[in-house]
Amino acid sequence: MLTIIGILIIVSIVTLLMMGKASPIIAMSCIPFIGALAAGYSIPEISVFFESGINKVSKVAAMFLFAILFFSLMKDLHIFDPLIRIMVKMTRGNVIVVCIMTTLIAGVVHLDGSGAATFLIIIPALLPLYRQLGMSPYLMLLLMCASMGIMNMVPWGGPLGRASAVTGIDASVLWQGLIPVQIIGMAGAVGFAAIMGIREKRRIAAAAQKGTTPYQMDSLLPLSDETADLTDVIHKPKKPLINGGLIIASVICLAFGLLSAPYVFMIALSIALLVNYPNPKDQMKVLSQHAPQALGMVAIILAAGAFLGILSDGGMLKSIATDLTAILPTEWISKIHIFVGILGVPMDIFTSTDAYYFALLPIIQQIAATAGVDPSAVVYAMAIGNNAGTFVSPFSPAAWLAMGLAGIDMGRHLRYSFGWIWVFSFFTLAVGAFLGLY
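Colleague: When you look at the pattern of salt bridges in this model, what are you seeing that I'm missing?
Modeller: When their charged atoms lie close together, side chains carrying opposite charge are able to pair. The final tally for this structure, using the stated rule, is three salt bridges. For the salt bridge of arginine 203 with aspartate 218, the shortest nitrogen-to-oxygen distance reads 3.6 Å. Of this pair, arginine 203 sits in helix H9 (residues 171–208) while aspartate 218 is found in helix H10 (residues 214–218), placing the two residues 15 residues apart along the sequence. The class of arginine 203 is partly exposed, set by a relative accessible area of 24%. Each of the salt bridges in this network shares a partner with another, and the network as a whole consists of Glu200, Arg203, Asp218 and Arg412.

Right, here's the structure in full:
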């Protein structure tokens, strides 16, 4: 019963989001509540689930609130404009080069394993360039998600940490086998970016005949931002040493974990306001200009927390993971981990990362062990197959952060990226098989 209700909740929410029939807040707040009542949970129990879910996402929500205000302020002060100018000169307006650069930059920045930090650093810097070249913001997210999925398999990242806790194999030992996969995978991601760049050039040419661009057709940001000319966004930055130093210091703190991420941006925003707008009235005016976008996405993240809390603490995710394995034919037991890896990307939509590694991995490991399969092989197949879809899943708070920063819709992001990411995961799985990891 829990499995059926859990699947109905997930399918209903994903369907509504993909069809654009309901806002994320309504879908993720109401549907899980109805499902929990149908499962027989009392109101007090549902309240406990809700509070647990909110606690899981509260840090991301707080970070987003202050980070979006900070980076919006930096954008107003034109701190990113010199970077845009350099990138425009380097790419010379070449869409294919921009796609390749997006992939490489995302891979390097994501070395810290934090999806939210990667989106916060890259999207504000690259979005104006995509706008000026008429490239779709959904393409930017697709390319970032592909390379970030590869680089997410580091020992200090979430997936290997969870896998290590389940199997007892040290995360650094697991990573040693994955390093060649990451190197070849990044090379494959660059090739994929070039192919998507060629495709985007054709889309831009086709849209030009209609007097528009893929960016204008896809972006949800205000028209004033979309129609800005390159000369309008390239300005001399104000107090570049102080403001640029704040950005660099914030990134360093995030990368090395020197301070809690929300507090990093809270302090950075405070210093930026104090330096650039000494008058308290001016400070509040600046905050009020960017508050609607920040608060809107914080509300979505908190609604996602309610969704996660009910499905996770209500036992639905664990039940789904258990029942998925029970329906597989017995003759597939020795290859069950590979089969699950192949389904890793869609499973990231139906089961959260926690459910995938803490609920599904131990079950698959136990089943595969009966056929003499090494636990590390199970981890490799499941991690390589699943990581590609990490930032396409509605279960990822960082993905919602990216939606707000890029001005795009989760439903359209799923339609645009899901198929490509799943196909790309087959490539990385093939690399792992070629290297003899499973």
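That was the structure; now back to the text.
Colleague: Would you explain empty space enclosed by the protein in this entry?
Modeller: To find the voids left in a structure, one rolls a probe of water-molecule size over its atoms. Counted under the stated rule, the structure contains one cavity of 30 Å³ or more. If you go around the largest cavity, the residues you meet are Ala146, Gly149, Ile150, Met153, Ile384, Asn387, Ala388, Phe424 and Thr428. Only helix H7 (137–151), helix H20 (375–387) and helix H22 (410–434) provide two or more residues apiece to the lining of the largest cavity. Here the residues of the lining of the largest cavity are counted per class, giving six nonpolar, three polar and no charged.

Colleague: I keep staring at helix H21 (residues 397–406) and nothing clicks. Help me out?
Modeller: Think of an α-helix as 3.6 residues a turn; residues three or four steps apart then line up on the same face. Across the ten residues that make up H21, a large majority, nine, are buried. Taken together, the buried positions of H21 are Ala398, Ala399, Trp400, Leu401, Ala402, Met403, Gly404, Leu405 and Ala406. Glycine 407 sits one or two residues past H21 and shows a positive phi near 70 degrees.

Colleague: Just to check I follow, could you spell out a nonpolar patch on the surface for this structure?
Modeller: Judged by side-chain polarity, Ile248, Ile252, Phe256, Leu258, Leu259, Tyr263, Met266, Ile267 and Ile271 come together as a nonpolar surface patch covering roughly 840 Å² of accessible area. Considering each element in turn, the nonpolar patch owes the most residues, four residues, to helix H14 (residues 261–276). You can see leucine 259 is positioned in the loop between helix H13 (240–256) and H14. Taking the relative accessible area as the measure of exposure, leucine 259 reaches 36% and is therefore partly exposed.

Colleague: Is there a simple way to explain the confidence of the model for the chain in this structure?
Modeller: Detailed conclusions should not be drawn from predicted coordinates in areas where pLDDT is low. This prediction gives the chain a mean pLDDT of 84; 92% of its residues lie at or above 70. Per-element confidence in the chain ranges from a low mean pLDDT of 44 for helix H12 (residues 230–233) to a high of 94 for H7. Low pLDDT, under 50, characterises residues 224–234; the predicted model gives this stretch 20 contacts beyond four residues in sequence or across chains.

Colleague: Quick question: what am I supposed to make of the nonpolar core here?
Modeller: Nonpolar side chains in soluble globular proteins generally cluster together in the buried interior. By size, the foremost hydrophobic cluster in this structure holds 107 residues, and its most contacted members are Phe70, Phe119, Leu141 and Trp400. Counting residues per element, this core draws most heavily on helix H3 (residues 43–76), which supplies 13 residues. Other than its neighbours up to four places away in sequence, phenylalanine 70 contacts Leu246, Ile247, Ser250, Phe265, Ala268, Leu269 and Ala272. Grouped together as the second largest cluster of nonpolar side chains are 28 residues, Leu360, Leu361, Ala383 and Val431 included.

Colleague: Mind showing me how you'd approach the layout of surface pockets here?
Modeller: Space inside the largest pocket adds up to approximately 1000 Å³. Along the walls of the largest pocket sit 36 residues, with Val60, Arg162, Ser396, Pro397 and Ala398 positioned nearest its centre. Mapped onto the lining of the largest pocket, the elements with two or more residues apiece are H3, helix H6 (115–133), helix H8 (158–167), H13, helix H15 (280–313), helix H19 (353–369) and H21. Ranked by residues supplied to the lining of the largest pocket, first place goes to H3 with five residues. For the lining of the largest pocket, the per-class residue count stands at 17 nonpolar, 13 polar and six charged.

Colleague: Just checking my understanding: could you explain the packing of aromatic side chains for this structure?
Modeller: Centre-to-centre distance and the angle between the planes together describe a pair of aromatic rings. Under the definition given, this model contains ten aromatic pairs. Taken together, a centroid distance of 5.8 Å and an interplanar angle of 40 degrees make the contact between phenylalanine 424 and phenylalanine 427 tilted. Linking phenylalanine 424 with phenylalanine 427, this pair stays in helix H22, spanning three residues, or about one helical turn. A relative accessible area of 6% places phenylalanine 424 in the buried class. Feature note: the residues Phe192, Trp420, Phe424 and Phe427 constitute an aromatic cluster, connected by ring pairs.

Thresholds applied
- Residues numbered from 1 in each chain as written.
- Predicted model: local features only at pLDDT ≥ 70, side-chain atom pairs only at ≥ 80, totals over all residues.
- Heavy atoms only, no water.
- Salt bridge = Lys/Arg side-chain N within 4 Å of Asp/Glu carboxyl O.
- Helix = DSSP H or I, 4+ residues; strand = E, 2+ residues; numbered from the N terminus.
- Buried < 20%, exposed > 50% of the residue type's maximum accessible area, 1.4 Å probe, protein only.
- 1 Å grid on protein atoms, 1.4 Å probe; cavity = no way out; pocket = protein on both sides within 12 Å on 5 of 7 lines; lining within 4 Å.
- Points joined across faces, edges and corners; volume = space filled by probe spheres on them.
- Nonpolar A, V, L, I, M, F, W, Y, C, P; charged D, E, K, R; others polar.
- Patch = residues over 30% accessible without salt bridge, like charges linked within 9 Å, V, L, I, M, F, W, Y side chains within 5 Å.
- Areas by Shrake-Rupley, 256 points an atom, 1.4 Å probe, with all protein chains shown as cover.
- pLDDT = per-residue confidence, 0-100.
- Contact = heavy atoms within 4.5 Å.
- Core = buried A, V, L, I, M, F, W, Y, C linked by side-chain atoms within 4.5 Å.
- Phe/Tyr/Trp six-rings, centres within 6.5 Å; stacked < 30°, edge-to-face > 60°.

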